[in-house]
Amino acid sequence: MTTAELLDKIAALRVLVVGDICLDRWCWYDPSLALASAETGIPRIGVIRTEVSPGAGGTVANNLAAFGVADVAVLGVVGADGYAWELRQGLAARGIDGSLLLEIPAVQTFTYTKLINAHTGAEDLPRVDFVVGRALSEDVEMLLVRRFLDNVERFDVVIVSDQAETSAGGVVTPALRGAIESTAAANPEKVVWVDSRTRAEYFQGVIVKPNLKEATEASIRALGRVDFPALRAHCAAPLLMVTFGGEGVRIYDDAGERWVKTETVPNPVDICGAGDSFSAGAACAYAVTRDAVAAAEFGNRVASITIMKKGTGTATTAELLARG
């Protein structure tokens, strides 16, 4: 299948991204404006420009919209705050349906604030993250599960973004994880793709896509050793894809173990969000081809474009067609 044919089929998909949908805030600061506070004596960080974009699961959605998926929606939890407003605006500007986001006033919107030196262009100060520090209440968890179950039928592909690294977890709670697994079991024609930073081994009966570090740690937690075929069996995963950064992807499925190399990209500009862009491309390619190798190749192609852009970039249809 040519890239043009693949993109044409991908455009007809309906894709839901569920999980941690956050806001990325890129704040450029001027070091010369670091005046000390009159009250505390602590130097301020003088931000002179800010750009925002959907992040985490929002980065997956950004990529889906960029390479032509016409129906993209996100489902997660946001607060009743200004960051939620900015997130909704960012989604709408990219043609992404944010109507399934659950607004909970007691929760703050998951936000990454990245501080960039306006003189050098480097991100050289600690990030300021607004994170979910406690587990969602049972009532909120049930509202989230109900919203998922009431809407999931309309989608061909479900991509789960389980990004929260706190012990309390984030949006993908045990109850939501159970709803995702039961949906996959009842709808074998639906692609259910999971990208989980610290809980990959908890998912059952879905496609699991960790990177090498995540897969190694999940395997050790689940099995006490590094054994990726056994990790796949532990998860009852129809497909396990372990990404190795710029080296490629190792596939584990009923056909055995295979290695899909990627083209070497010298001097990548920014690898932030590469896994999200890979998931967006590979999940969609798998949905239309049911070919794990073709899916990995397309995911690699998407990621090879995004890592040559500052921030959590996307790969457009035109850029993918230009690659052939």
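Below is a short write-up of the structure.

The rules behind these values
Residues numbered from 1 in each chain as written. Predicted model: local features only at pLDDT ≥ 70, side-chain atom pairs only at ≥ 80, totals over all residues. Heavy atoms only, no water. Helix = DSSP H or I, 4+ residues; strand = E, 2+ residues; numbered from the N terminus. Rg over C-alpha atoms; globule rule 2.2 N^0.38 Å. Buried < 20%, exposed > 50% of the residue type's maximum accessible area, 1.4 Å probe, protein only. Contact = heavy atoms within 4.5 Å. Lys, Arg positive; Asp, Glu negative; His and termini not counted. Charge placed at Lys NZ, Arg CZ, Asp CG, Glu CD. Disulfide = S-S within 2.5 Å. Phe/Tyr/Trp six-rings, centres within 6.5 Å; stacked < 30°, edge-to-face > 60°. Axes fitted to C-alpha atoms, helices over the stretch in contact; angles between N-to-C directions. Parallel < 35°, antiparallel > 145°, perpendicular 65-115°, else oblique. Pairing = 2+ DSSP bridges. Polar contact = N/O pair within 3.5 Å; in protein donor to acceptor, adjacent residues only side chain to side chain. Salt bridge = Lys/Arg side-chain N within 4 Å of Asp/Glu carboxyl O. Core = buried A, V, L, I, M, F, W, Y, C linked by side-chain atoms within 4.5 Å.

In terms of regular secondary structure, the protein is built from ten helices and 14 strands. In terms of overall size, the protein behaves like a compact globule, its C-alpha atoms giving a radius of gyration of 20 Å where 324 residues would be expected to give roughly 20 Å. Its C-alpha atoms give the protein principal-axis dimensions of roughly 65 × 50 × 40 Å. Residues counted as buried form 51% of the 324 residues belonging to the protein. Partitioning the contacts of the protein with sequence separation of at least 6, the portion at a separation of at least 24 is 68%. Computed over 30 positive and 40 negative side-chain charges, the inter-centroid distance for the protein is 1 Å.

As a further point, take the state of the cysteines. Disulfides are covalent bonds that link the sulfur atoms of two cysteine residues. Counted according to the given criterion, the structure contains zero disulfides. The closest cysteine sulfur to the non-disulfide-bonded Cys27 is located on Cys22, 13 Å from its own sulfur. When its relative accessible area of 4% is taken as the criterion, Cys27 is described as buried. With no disulfide of its own, Cys284 lies closest to Cys22 among cysteine sulfurs, the gap being 20 Å.

Before going further, it helps to spend a moment on the packing of aromatic side chains. To describe a pair of aromatic rings, you give the distance between the ring centres and the angle between the ring planes. The final tally for this structure, using the stated rule, is five aromatic pairs. Ring geometry for Phe67 against Phe298: centres 5.9 Å apart, planes inclined by 80 degrees, an arrangement best described as edge-to-face. One end of the pair, Phe67, is in the loop between helix H2 (57-66) and strand S4 (71-75); the other, Phe298, is in helix H9 (residues 292-306), with 231 residues separating them in the sequence. Taken individually, Phe67 and Phe298 each receive the classification buried, so the pair is uniform in this respect. A ring pair is formed by Phe228 and Tyr252, whose centres lie 6.1 Å apart and whose planes are at 75 degrees; its orientation type is edge-to-face.

This part takes up the packing of helix H1 (residues 3-11) against helix H8 (residues 274-289). Contact geometry of H1 with H8 gives a least axis separation of 9 Å together with a crossing angle of 90 degrees. In terms of orientation, H1 and H8 fall into the roughly perpendicular class. Of H8, the residues touching H1 (which contributes Leu6, Lys9 and Ile10) are Cys284, Ala285, Val288 and Thr289.

Let's shift gears to the sheet that holds strand S2 (residues 21-29). Sheet architecture is open: four strands sit in the order S3-S2-S7-S8, paired in mixed fashion. Pairing within the sheet leaves two strands with one partner each, and these edge strands are strand S3 (47-56) and strand S8 (128-130). Mean inter-strand twist for the sheet, computed between neighbouring axes without regard to direction, equals 20 degrees. Sitting on the sheet, helix H3 (residues 82-93) is in contact with S2, S3, strand S7 (111-117) and S8, with an inclination near 100 degrees to S2.

Bringing the environment of Asp162 into the picture now. Assignment of secondary structure puts Asp162 in strand S9 (residues 157-162). With relative accessibility at 0%, the residue Asp162 sits in the buried group. Between the C-alpha atoms of Asp162 and Arg197, which are 35 residues apart in sequence, the distance is 6.3 Å. Setting aside residues up to four positions removed in sequence, Asp162 forms contacts with Asp20, Val172, Asp195, Ser196, Arg197, Arg199 and Phe203. A distance of 2.7 Å separates polar atoms of two side chains, one belonging to Asp162 and the other to Ser196.

Inspection of every chain in the model, using the stated rule, returns 17 salt bridges. The partner of Arg146 in a salt bridge is Asp150, and the shortest N-O contact between them spans 3.4 Å. You can see Arg146 and its partner Asp150 sitting in helix H4 (residues 138-151), four residues apart, about one turn around the helix. Judged by relative accessible area, which is 52%, Asp150 ranks as exposed. In this structure, Asp162 and Arg199 form a salt bridge, with 3.1 Å as the shortest nitrogen-oxygen distance. Of the two residues, Asp162 sits in strand S9 while Arg199 sits in the loop between strand S10 (191-196) and strand S11 (207-208), which places them 37 residues apart along the sequence. You'll find Asp162 and Arg199 in the same group, each marked buried. Each member of the salt-bridge network shares a partner with another, and the members are Asp71, Asp97 and Arg154.

With that settled, the discussion passes to the nonpolar core. Of all hydrophobic cores here, the largest spans 48 residues; its most connected members are Leu64, Phe67, Trp193 and Met241. Here the element with the most residues in this core is H8; it accounts for eight residues. Beyond its immediate chain neighbours, meaning those up to four positions away, Leu64 contacts Val15, Val17, Val69, Val72, Ile159, Ala280 and Cys284.

Here the focus is H2. Along an α-helix, residues three or four positions apart point the same way, because every turn accommodates 3.6 residues. A large share of H2 lies buried, amounting to eight of its ten residues. Gly57, Gly58, Thr59, Val60, Ala61, Asn62, Asn63 and Leu64 are the residues of H2 that are buried. A positive backbone phi angle near 105 degrees is found at Gly68, which sits one or two residues after H2.

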